[in-house]
Amino acid sequence: MAPYEQFLLFGDSLLQHSCSQQKGFAFVPALQDAFIRRLDVINRGFSGYNTSQALEVLPNFMPSLEQAHLRFMMVFLGANDACLPGSASGQHVPLDTYKQNLRGIFQHPCVTTQKPRLILVTPPPVDEYSLEVSDAAKGILGVRRTAEYTKLYAEACKEIGQDLGLTVLDLWSIFMDAAGYEAGKPLPGSKKTVKSPILGQLLSDGLHFTPQAYTVLFESTMEVIKREWPEQDPNELQFVHPTWQVAHGRYEVPEA
C-alpha cells in the first residue's frame with residue numbers, strides 16, 4: 001500500500017493554536033476530517049516565529065522524498081514580522097526582509113524537491129482596541145501592532161505570491177470585507193475609527209483567532225482547493241487503503 005501523502009501547514013501561533021478545540025471549532029481537526037484516510041494533515045505552527053526564524057527551522061522538519069511526499073503545503077506567516085520596529089518583543093522583520101524570507105521558503109531546495117501544491121496565506125488584520133486591552137492585561141507597554149502597518153505586510157505577501165505564481169488565500173481581504181471596509185476610509189481595527197464588532201468576533205485578543213475565524217480559514221481553504229485543484233477535492237479522492245467492505249473480501253477473516 002502507498003504511504004499517506006501530506007498536507008503540511010507551516011506558520012506561527014495562528015496555525016499552532018489551530019489544533020485546539022477548547023473554545024470550539026478548530027481549523028486543523030476540520031482539515032484532517034475533510035482529508036481523512038486520504039492525506040495526513042501535519043501542523044508545523046511555531047508560536048511567536050517570524051519569517052526569519054521560520055526560514056531557519058524549515059529544513060529541520062521537512063521530510064525527504066524517501067520519508068514522505070507533500071501534496072500540499074500552506075505557508076501562513078507575517079503576523080509577527082508586522083510588529084512595529086523597535087517593539088520590545090524583537091519579532092519585527094523589515095518589509096523587504098519579509099518578502100525575501102518568503103521567497104527563500106518557497107525556493108528552498110527542501111520545498112522545491114517536494115513540488116507540493118502551494119498555498120500562501122496573507123497575514124490577517126489586527127484589532128487595535130482588543131490588542132490594547134490584551135497587552136495591558138499582560139503588562140506590556142506601548143503599541144506593538146497597528147492595522148495600517150499590518151496591511152503593508154498583507155500587501156507584500158500578495159505581491160510575492162503573484163511574483164512566484166503561487167495560489168494566494170487573501171485572508172486579510174476576506175476579514176476586511178466581512179468588517180465592511182471601504183477603500184479610502186480608515187481601516188477596521190484601527191483606532192482612527194470606531195471598534196469593529198466583526199473583528200471582535202474574529203480575533204479573540206486583537207490578533208489570535210476565535211472559532212469563527214478558524215471556520216472562515218477552513219471554508220476559504222476548501223474553496224481555494226476546489227477552485228484551483230478540483231481533482232484534489234476530498235470528495236474526488238479515493239481512500240489510500242480500501243474500505244472495510246473491500247478489505248473484508250480481500251483478506252481472510254478469522255473464524256470467531
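Caption draft 1: Examining the overall build of the chain more closely. The number of helices and strands found in the chain is eleven helices and five strands. Computed over the C-alpha atoms, the radius of gyration of the chain is 20 Å, within 12% of the 18 Å expected from 2.2 N^0.38 for a compact globule of 256 residues. A principal-axis box enclosing the C-alpha atoms of the chain has dimensions of 70 × 35 × 35 Å. Across the 256 residues that make up the chain, the buried fraction comes to 50%. When contacts within the chain are restricted to residue pairs at least 6 apart in sequence, long-range pairs at least 24 apart make up 78% of them. With the model as given, the accessible surface of the chain reaches about 12500 Å², and the carbon-plus-sulfur share is 51%.

Caption draft 2: Examining the side chain of His208 more closely. Examined against the element boundaries, His208 turns out to sit in the loop between α9 (197-202) and α10 (211-228). Leaving out residues up to four positions away in the same chain, His208 has contacts with Ser13, Leu14, His17, Leu202 and Leu203.

Caption draft 3: Inspection of the pattern of salt bridges at higher detail. One pass over the full model with this rule turns up eleven salt bridges. Residue Asp163 is joined to Arg103 by a salt bridge in which the shortest nitrogen-to-oxygen separation is 3.0 Å. Remark: Arg103 occurs in helix α4 (residues 95-106) and Asp163 occurs in helix α7 (residues 147-164); sequence separation between them is 60 residues. Judged by relative accessible area, Asp163 falls into the partly exposed class, the value being 45%. As a salt-bridge pair, Glu182 and Lys185 come within 3.1 Å of each other at their nearest N and O atoms. The partly exposed category is assigned to Glu182, whose relative accessible area is 42%. A single salt-bridge network, built from bridges that share partners, covers Asp96, Lys99 and Glu159.

Caption draft 4: Structural context of the environment of Ala179. Structurally, the position occupied by Ala179 is in the loop between α8 (171-178) and α9. Residue Ala179 is classed as buried on the basis of its relative accessible area of 19%. When sequence neighbours within four positions are dropped, the list of residues in contact with Ala179 reads Pro188, Ser196, Ile198 and Leu199.

Caption draft 5: Region of the structure containing α10. With 18 residues, α10 should reach 26 Å at 1.5 Å per residue; the first-to-last C-alpha distance of 26 Å fits that figure. Buried within α10 we find Ala213, Tyr214, Leu217, Phe218, Ser220, Thr221, Met222, Val224 and Ile225.

Caption draft 6: Fine view of the pairing of strand β1 (residues 5-11). Most of β1 sits out of view: six of its seven residues are buried. As paired elements, β1 and strand β2 (residues 39-45) share seven bridges and run parallel to each other. Its bridge partner being in β2, Gly11 is matched across the sheet by Gly45. Direction of pairing for β1 relative to strand β3 (residues 70-76): parallel, over a ladder of six bridges. For Leu8, the partnering residue across the bridge sits in β3 and is Met73.

Caption draft 7: Fine view of α7. Taking 1.5 Å of rise per residue, 18 residues should cover 26 Å, and α7 covers 26 Å from first to last C-alpha, within 8% of that figure. Looking only at α7, the buried set comprises Ala147, Tyr149, Thr150, Tyr153, Ala154, Ala156, Cys157, Ile160 and Gly161. Of the residues trailing α7, Gly165 is marked for its positive phi of about 70°.

Caption draft 8: Examining the packing of aromatic side chains more closely. Counted under the stated rule, the structure contains 15 aromatic pairs. Between the aromatic rings of Phe72 and Trp229, the centroid separation amounts to 5.4 Å while the plane-to-plane angle is 75°, which identifies the pairing as edge-to-face. Of this pair, Phe72 sits in strand β3 while Trp229 sits in the loop between α10 and α11 (244-250); the two residues are 157 residues apart in sequence, bridging distant segments of the chain. Of the aromatic side chains, those joined through ring pairs into one cluster are Phe7, Phe35, Phe72 and Trp229.

Caption draft 9: Representation of the side chain of Thr221 within the structure. Within the fold, Thr221 resides in helix α10. Here the side chain of Thr221 touches Leu217 through a polar contact of 2.8 Å, landing on its backbone oxygen. Once you skip the residues sitting within four places of it in the chain, Thr221 turns out to touch Phe7, Phe27, Leu31, Met74 and Leu169.

Cut-offs and rules
- Residues numbered from 1 in each chain as written.
- Predicted model: local features only at pLDDT ≥ 70, side-chain atom pairs only at ≥ 80, totals over all residues.
- Heavy atoms only, no water.
- Helix = DSSP H or I, 4+ residues; strand = E, 2+ residues; numbered from the N terminus.
- Rg over C-alpha atoms; globule rule 2.2 N^0.38 Å.
- Buried < 20%, exposed > 50% of the residue type's maximum accessible area, 1.4 Å probe, protein only.
- Contact = heavy atoms within 4.5 Å.
- Areas by Shrake-Rupley, 256 points an atom, 1.4 Å probe, with all protein chains shown as cover.
- Salt bridge = Lys/Arg side-chain N within 4 Å of Asp/Glu carboxyl O.
- Expected span 1.5 Å × (residues − 1).
- Pairing = 2+ DSSP bridges.
- Phe/Tyr/Trp six-rings, centres within 6.5 Å; stacked < 30°, edge-to-face > 60°.
- Polar contact = N/O pair within 3.5 Å; in protein donor to acceptor, adjacent residues only side chain to side chain.

On their own, these measurements won't tell you what the molecule is for.
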